[in-house]
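The residues making up each chain are set out below.
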Amino acid sequence: MSKSLIKIFLVLALFSVGFSSCEKDETTIEDGEMAVEDTHVFNADLMNADNLLENVSLVTATLTDGTTAECYQLVFKSNPVANGPYCPETIDDIGGLGIYDGATNPGFQVMKAELWNAMEADGYDIVDADGNITISDPGAGPAPSLGGGSCLEATPDNNLRLTFLIPAVPKNGTSNDVINIVENLGVSKDGIPLTGHPPSATQGPPGMSGGGPGNVAAIPAIDPCGGHMDPFGYYHLHFGAEEMNNVLLANDITEVSCTNFTQNTSVFIGYAKDGYPIYASEDLDGTLPSDLDECQGHTLATADYPDGVYHYHVSNTAAPNLPQCLKGVAAQNSFTYE
Ligand SMILES: [Zn+2]
Ligand SMILES: [Zn+2]
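Residues numbered from 1 in each chain as written. Chains lettered and ligands numbered in written order. Predicted model: local features only at pLDDT ≥ 70, side-chain atom pairs only at ≥ 80, totals over all residues. Heavy atoms only, no water.

**Topic: the environment of Ala272**
Basically, it comes down to this: The way it works is that DSSP assigns letters per residue, a run of H or I at least four long becomes a helix, a run of E at least two long becomes a strand, and they are numbered from the N terminus. Relative accessibility decides the category of a residue: with a 1.4 Å probe and only protein chains considered, values under 20% of the type maximum give buried, values over 50% give exposed, and everything between is partly exposed. Only heavy atoms matter for contacts: two residues are in contact if any of them lie within 4.5 Å across the pair.
Mapped onto the elements of the fold, Ala272 is located in strand β15 (residues 268-272). For Ala272, a relative accessible area of 0% corresponds to the buried category. A sequence separation of 50 residues divides Ala272 from Leu322, and the C-alpha atoms of the two residues are 9.8 Å apart. Excluding anything up to four places from it in sequence, Ala272 contacts Ile166, Leu185, Gly186, Ile278, Tyr312 and Leu326.

Encoded structure:
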């Protein structure tokens, strides 16, 4: 990423941090008070309190449709879980995961010789004469020159504060909210941002990757649980991590597996930014739902909502496996960091 782009992102980030403090009508929620708000769908008891930096509070926030609504404000630490591995050092090593969308052998795959050879065949210069992989930090400065390529691996910043705003009562929009590349999608139960598709060799933030052969092909390394560092240093997930090993299996990836998150096919994953809960692939009765809508959602009882609730499911085969769209309206600044 170029320095000027980083500046633009910084300015945008500062802006959003500024606005996320909203017109605060703040109420601090003490332990045990959650059940009082029984009309609220969001339940802070489902979130991992160990990773919170301050008490969950209720604030009034502006939604993307311009209306205001009560939202829960959650402030989490930046990198609460073990992560990696990411980019392999040489063509003989095994790394994390990448999604390649060039001409030769495209698809979701583990980072190994097959991928680098395919990229070299497509015209990218990503392996040197000694077999070393070009690794670059997207937060450290300009991307490699034209014709180059690299495996992106950002440096963590463990001192960031991640703030999420989740509507207390979800409100459906007039149309589905389609989640774009790297757009915020929600928050995991551990306080980790859930994010839309990662950038790829031909699609991504300008200057970072994109354009195909002759241009820079920078593939973000994703760890075996489906997450990695943002250029600003916070870990985020492009996958529902608790179902990751099923996704790896479905994509014939056997060299790596997810060990940093307990695998479970029916567990609560987190909240989408519209306030609806997200679950692993199976329902309470242990079966895969057959009536999911275009956003991978439906209404049914769950372990946490015995009276029934609209909820999303992650796929146990697709890569990435998070919902591609949301039914409800999110807060304007659903996710900010500082
Ligand atoms: Zn990412
Ligand atoms: Zn379900």
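**Side note on the nonpolar core**
Note the threshold: Remark: nonpolar core denotes a set of buried residues (Ala, Val, Leu, Ile, Met, Phe, Trp, Tyr, Cys) joined through side-chain atoms within 4.5 Å.
Judged by nonpolar contacts, the single largest core of 54 residues is most densely connected at Leu97, Phe108, Trp116, Met119, Tyr235 and Phe261. The element best represented in this core is helix α2 (residues 113-121), accounting for four residues. Discounting chain neighbours no more than four positions away, the residues touching Phe261 are Val81, Asp190, Ile192, Cys225, Tyr235, Leu237, Ala241 and Glu242. One finds Val41, Leu74, Phe164 and Tyr337 within the second-largest nonpolar core, a separate group that totals 24 residues.

**Some thoughts on empty space enclosed by the protein**
Going by this rule: A 1.4 Å probe that fits but cannot get out identifies a cavity on a 1 Å grid over protein atoms alone, an open set with protein on both sides within 12 Å along at least five of seven lines counts as a pocket, and a residue lines either if it has an atom within 4 Å of a point. Grid points are joined across faces, edges and corners, and a volume is the space filled by probe spheres set on the points. Residue classes follow a fixed rule: Ala, Val, Leu, Ile, Met, Phe, Trp, Tyr, Cys and Pro count as nonpolar, while Asp, Glu, Lys and Arg count as charged, and any other residue, Gly among them, counts as polar.
Following the criterion strictly, the structure yields two cavities of 30 Å³ or more and no others. Reported here for the largest cavity is a volume of approximately 50 Å³. Around the largest cavity, the lining residues are Ile179, Leu185, Thr195, Gly196, His197, His238, Pro320, Leu322, Pro323 and Gln324. Classifying every residue of the lining of the largest cavity by side-chain character gives five nonpolar, five polar and no charged.

**Describing the coordination of the zinc ion (ligand 1)**
For clarity, the threshold we go by: Here a donor is any nitrogen, oxygen or sulfur atom (N, O, S) within 2.8 Å of the metal, with 3.2 Å used for Na, K and Ca; water is not among the atoms considered, so some sites may look incomplete.
Around the zinc ion (ligand 1), the protein supplies His228 (NE2), His236 (NE2) and His238 (NE2) as donor atoms, at distances of 2.0 Å. Along the chain, the residues donating to the zinc ion (ligand 1) fall in the pattern H-x7-H-x1-H.

**Describing the pairing of strand β3 (residues 68-77)**
For the record, the criterion: Note on pairing: DSSP must find at least two bridges between two strands before they are called paired.
Taken together, the six bridges between strand β2 (residues 57-62) and β3 define a ladder with antiparallel strand orientation. Among the inter-strand pairings, Leu58 is bridged to a residue of β3, identified as Tyr72. Connecting β2 to the next strand, β3, in antiparallel fashion are five residues, including Gly66 with a positive phi near 90°. Bridge analysis of β3 against strand β8 (residues 161-167) gives seven bridges, and the strand direction is antiparallel.

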